[in-house]
Amino acid sequence: MSKSEDFSLIKRLPPYVLSVVNELKYKERAKGEDIIDLGMGNPDQPTPAHIVDKLKEAVDNPRNHRYSSSAGIPKLRLAIANWYKRNYNVELDPDSEAVVTIGSKEGISHLMLSILSPGDSVVVPNPAYPIHIYSVIIARGDIQNVSLSNNEEDLIESIEKTIKEVWPKPKVLLISFPNNPTTQVVDLNFFEKIVDLAKEAGLIVVHDLAYADLCYDGYKAPSLLQVPGAKDVGVEFYTLSKSYNMPGWRVGFMVGNKKIIESLRRIKSYLDYGIFQPIQIASILALDGPQNCVEDIRNLYKLRRDKLIESFSRAGWKIPKPKATMFVWAEIPDEFKEIGSLEFSKLLIKESKVAVSPGIGFGNYGEGFVRLALVENENRILQAARGIKKLLR
Ligand SMILES: Cc1ncc(COP(=O)(O)O)c(C=O)c1O
């Protein structure tokens, strides 16, 4: 192969395993099959009307058509600080401790580029949301996998062991709770231990709090920054994609440690001119305005979760009820275990007319499971259960 065709980074970015299932889904749909899509975590409901209306109003003002600010306009950063104060009683300086990102996916990727040197290693519990792994690879870093045990003590122990044993010492620990794909949740005590560990080991902690608001049955997800001293070692990402049904708008933010914020701001100042300003203005209203829309979104996912768990159980597939996220993480039924999650997902499309995400797409430790996203309505979920029943009969 000539040098001009040898893209070493691209070789390390294989086509998403998750897209294999997607392609099969499109093929079946092209044949006229009605496939119920519980694959991608892409919220199906519209953005609340008051946020859309604000966007329309802001679009009409030509002043908002110019390049904006890559770190986010000051009023949006102020709204972020106020949101943290209201939700977690955490004080943030909007100028030095908050940066707006083009969704958290962009933010995490550019953060890794800004803080890692080639060969630096990052500890990531596995299974993981793919960009948690690939942001490190894109930055030419190394991944240190630890198994995402659902026992908090075990998880802390394996993170601690990895930090001690790996040489050169890892630079970053990247975690995310409530977790996608496993739906695992933690309490504040877990973050306290993580902060202690990071201080001792001189480690940066990056926490992705994408599912902060999608919690059920009385559970409330803590913020890493609620731990006193967390800002000394870490940062946290949040996204408007899920809590406010704004996935296509591409708005998120990172808050916490000033030096880390500054490094993301710096790289972004080279790479982008900021999110279209009307979107930033509407995002201020999302964070500062009426919050009953968040409650409605949460309630809808809860309803779907209950419907799915109940109807799938009646169909013969018993799955534990998640306490948070918009997903269900389901162990493959015993009789299909040996074919693995990718083949099982293909079988579900063909035989049950249901698309899911194979666990292996989230890393080796995801094998044996599939992830179902609660992005179809209740009737469609019941239809999916009927398809599953046919397969499990
Ligand atoms: C854990 C996690 N982080 C980040 C994201 C992406 O969020 P955004 O739309 O802000 O890029 C997702 C989306 O599914 C996610 O599950």
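Quick caveat, the model's predicted, so the values are computed rather than measured. (Residues numbered from 1 in each chain as written. Predicted model: local features only at pLDDT ≥ 70, side-chain atom pairs only at ≥ 80, totals over all residues. Heavy atoms only, no water.)

1. A few points about the overall build of the chain
As a reminder of what qualifies: Note on conventions: DSSP H or I runs of at least 4 residues are helices, E runs of at least 2 residues are strands, and numbering of each starts at the N terminus. Here the globule rule is a power law, 2.2 Å times the number of residues to the power 0.38, and the radius of gyration is based on C-alpha atoms. For every residue, the accessible area obtained with a 1.4 Å probe (protein chains only) is divided by the maximum for its type, and the residue is called buried under 20%, exposed over 50%, and partly exposed between those limits. Note on contacts: a residue pair is in contact if any heavy atoms of the two residues lie within 4.5 Å. To be clear on the numbers: accessible area is Shrake-Rupley with a 1.4 Å probe, and residue cover counts the displayed protein chains and nothing else. We score Asp and Glu as negative and Lys and Arg as positive, and we do not count His or the chain ends. Where a charge sits is defined by one atom per residue type, namely NZ (Lys), CZ (Arg), CG (Asp) or CD (Glu).
A count of helices and strands for the chain gives 15 helices and 12 strands. Over its C-alpha atoms the chain spans a radius of gyration of 21 Å, differing by no more than 12% from the 21 Å that the globule rule assigns to 393 residues. Among the 393 residues that make up the chain, the fraction classed as buried is 56%. In the chain, the share of contacts with a sequence separation of at least 24, taken over all contacts with a separation of at least 6, comes to 76%. Put simply, the chain shows about 17600 Å² of open surface, and 51% of that area lies on carbon and sulfur atoms. Each charge class in the chain was averaged separately, 51 positive and 49 negative side chains, and the resulting centres sit 4 Å apart.

2. Side note on the sheet that holds strand 4 (residues 142-147)
Using the following cut-off: For two strands to be treated as a pair, DSSP must find no fewer than two bridges joining them. Convention adopted: a line fitted to C-alpha atoms gives each axis, helices being fitted over their contacting stretch, and angles between N-to-C directions are expressed from 0 to 180 degrees.
Ordered by their spatial adjacency, 7 strands build an open sheet running 2-8-7-6-5-3-4, and the pairing between neighbours is mixed. Among the strands making up the open sheet, the edge pair consists of strand 2 (98-101) and strand 4. Here the average twist between neighbouring strands, direction ignored, is 20 degrees. The pairing of strand 5 (residues 172-175) with strand 6 (residues 204-208) spans 4 bridges and is classified as parallel. Paired with Val-172 across the bridge in strand 6 is Ile-204. Contacts from helix 7 (residues 152-165) reach strand 3 (121-126), strand 4 and strand 5, with the element oriented near 150 degrees to strand 4.

3. What to know about the nonpolar core
Rules: We call a set of buried Ala, Val, Leu, Ile, Met, Phe, Trp, Tyr and Cys residues a nonpolar core when their side-chain atoms join them within 4.5 Å. Where each domain starts and ends follows an automatic or database-derived domain assignment.
Grouped together as the largest cluster of nonpolar side chains are 63 residues, with contacts concentrated most on Tyr-84, Phe-190, Leu-240, Tyr-244, Phe-253 and Leu-287. Of the domains in this structure, domain 1 (3-46 + 293-392) and domain 2 (50-288) are the two that each give at least three residues to this core. If sequence neighbours within four positions are ignored, Tyr-244 has contacts with Thr-47, Pro-48, Ile-51, Trp-83, Tyr-238, Ala-286, Leu-287, Gln-291, Cys-293, Val-294 and Ile-297. With 35 residues, the next largest nonpolar core counts Tyr-301, Met-326, Ala-373 and Val-375 among its residues.

4. Looking at the site of the ligand
Stated precisely, the cut-off is as follows: To be near a molecule or strand, a residue needs just one of its heavy atoms within 4 Å of it. Whenever two N or O atoms come within 3.5 Å, that pair is a polar contact, provided that in protein one can donate a hydrogen and the other can accept it, and provided that, for residues adjacent in sequence, both atoms are side-chain atoms. For this classification, Asp, Glu, Lys and Arg are treated as charged, while Ala, Val, Leu, Ile, Met, Phe, Trp, Tyr, Cys and Pro are nonpolar and the rest, including Gly, are polar.
In the vicinity of the ligand there are 13 residues, among which Ser-104, Asp-208, Tyr-211, Thr-239 and Ser-241 approach most closely. In the model, an oxygen atom of the ligand is placed 2.7 Å from a nitrogen or oxygen of the Asn-180 side chain. Between the ligand and Arg-250, the relevant distance is 2.7 Å, taken from an oxygen atom to a side-chain nitrogen or oxygen of the residue. For the ligand, the accessible surface in isolation is 400 Å², of which the surrounding protein chains cover 93%. The greatest single-element share of the shell around the ligand, amounting to 3 residues, is contributed by helix 5 (residues 103-115). Tallied by class, residues from the shell around the ligand come to 3 nonpolar, 6 polar and 4 charged.

5. Some details on helix 8 (residues 188-201)
An α-helical segment advances 3.6 residues per turn. Residues three or four places apart therefore align on the same side. Note the threshold: To estimate how far a helix should reach, multiply one less than its number of residues by 1.5 Å. This arc describes the spread of directions from the helix axis toward the C-beta atoms.
With 14 residues, helix 8 should cover 20 Å at 1.5 Å per step; its first-to-last C-alpha distance of 20 Å lies within 8% of that length. If you check which residues of helix 8 are buried, you get Phe-190, Phe-191, Ile-194, Val-195, Leu-197, Ala-198 and Ala-201. Buried residues of helix 8, viewed axially, fall in a sector of 165 degrees; they line one side. Among the exposed residues of helix 8, those oriented more than 90 degrees off its buried face are Asp-196 and Glu-200. Where helix 8 is buried, its residues touch helix 7, strand 5, strand 6 and helix 9 (230-233).

6. A look at the domain arrangement of the chain
The line we're drawing: Basic side-chain nitrogens of Lys or Arg form a salt bridge, by our definition, when they fall within 4 Å of a carboxyl oxygen of Asp or Glu.
Each assigned domain of the chain is listed here: domain 1 (3-46 + 293-392) and domain 2 (50-288). Computed over C-alpha atoms only, the centres of domain 1 and domain 2 are separated by 25 Å. With 34 residues of domain 1 at the contact, the number on the domain 2 side is 35 residues. For Asp-217, the salt bridge identified is with Arg-305, shortest N-O distance 2.9 Å. For the pair domain 1 and domain 2, the interface holds 9 residue pairs in polar contact (both at pLDDT 80 or more). The set of elements that each furnish at least two residues to the side of domain 1 that touches domain 2 consists of helix 1 (8-11), helix 13 (292-314) and strand 9 (327-331). The leading source of residues in the side of domain 1 that touches domain 2 is helix 13, at 7 residues. When the residues that make up the side of domain 1 that touches domain 2 are grouped by side-chain class, the tally is 19 nonpolar, 9 polar and 6 charged.

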